[in-house]
Amino acid sequence: KNQVEQSPQSLIILEGKNCTLQCNYTVSPFSNLRWYKQDTGRGPVSLTIMTFSENTKSNGRYTATLDADTKQSSLHITASQLSDSASYICVVSVSLTGMRFGAGTRLTVKP
Amino acid sequence: NAGVTQTPKFQVLKTGQSMTLQCAQDMNHNSMYWYRQDPGMGLRLIYYSASEGTTDKGEVPNGYNVSRLNKREFSLRLESAAPSQTSVYFCASSGQGVGYEQYFGPGTRLTVT
């Protein structure tokens, strides 16, 4: 069983709408939790990094939250744009060589 | 800055053939990594190099070898390709320390027939 589970697997929303992506993990303890954006045919790009003691971290229209008690994180995207169409990957880090990647949520934003 | 570059972008191999995937970074990072990404699965670490002159196995090292040629370059070699090695391969680099950002290359899409 994957130690990092993401839901939904895919999501379609209309441009301008908000959405929330979920990440549940079993890795414990961990050093930080990351969210990456991966455009089709490209490498992942970091959106946020949160330590286990942080509850929320924002990067523009992206806001990540972390609940270490329930081992859940979410990524909220506000006022979606067509360019937000991508896969979003949750990563829980024990160390730089002990990173556990989720399979990702594929988001499609339609006009 | 080009960041992390990888060559080639695409490759098709026959079973048993060998090839080397090249990776270079211009961010003066000590640590470099090779991952593979398969459909429906998260990225998995193949090998990493914490610093020039050192390499260590990751989660899925079987069938692969690596060389840290210098601080900039980290190559991944498939000695005898198998269909199970069909995947997208990503190279990444970072500073040292668990809080450091990892920067990924654009990937190499490899098909083994």
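Look a little higher up for the structure.
Conventions adopted
Residues numbered from 1 in each chain as written. Chains lettered and ligands numbered in written order. Predicted model: local features only at pLDDT ≥ 70, side-chain atom pairs only at ≥ 80, totals over all residues. Heavy atoms only, no water. Salt bridge = Lys/Arg side-chain N within 4 Å of Asp/Glu carboxyl O. Buried < 20%, exposed > 50% of the residue type's maximum accessible area, 1.4 Å probe, protein only. Pairing = 2+ DSSP bridges. Helix = DSSP H or I, 4+ residues; strand = E, 2+ residues; numbered from the N terminus. Axes fitted to C-alpha atoms, helices over the stretch in contact; angles between N-to-C directions. Contact = heavy atoms within 4.5 Å.

Draft legend 1. Region of interest: the pattern of salt bridges. Residue and element names in this part refer to chain B. Under the counting rule described, the total for this entry stands at six salt bridges over all chains. One salt bridge connects Arg 36 with Asp 38, and the closest N-O pair in it is separated by 3.0 Å. Take Asp 38: its relative accessible area is 10%, and that puts it in the buried class. Residues Glu 79 and Arg 77 are paired through a salt bridge, measuring 3.1 Å at the closest nitrogen-oxygen approach. Judged by relative accessible area, Glu 79 falls into the partly exposed class, the value being 43%.

Draft legend 2. Region of interest: the sheet that holds strand 6 (residues 56-59) of chain A. Residue and element names in this part refer to chain A. Strand order in the open sheet made by the five strands is 1-3-8-7-6, with antiparallel pairing throughout. Across the chains shown, the open sheet's two edge strands, defined by having one partner strand only, are strand 1 (4-7) and strand 6. The mean inter-strand angle of the sheet, taken between neighbouring strand axes irrespective of direction, is 15 degrees. Sheet topology places strand 6 next to strand 7 (residues 62-67); four bridges connect them, and they run antiparallel. Within strand 7, the residue paired with Asn 59 across the bridge is Tyr 62.

Draft legend 3. Summary view of the environment of A:Leu11. Residue and element names in this part refer to chain A. In this structure, Leu 11 sits in strand 2 (residues 10-14). C-alpha separation for the pair Leu 11 and Ser 87, spaced 76 residues apart in sequence, amounts to 9.9 Å. For Leu 11, the contacting residues outside a window of four places in its chain are Cys 19, Leu 21, Arg 106, Leu 107 and Thr 108.

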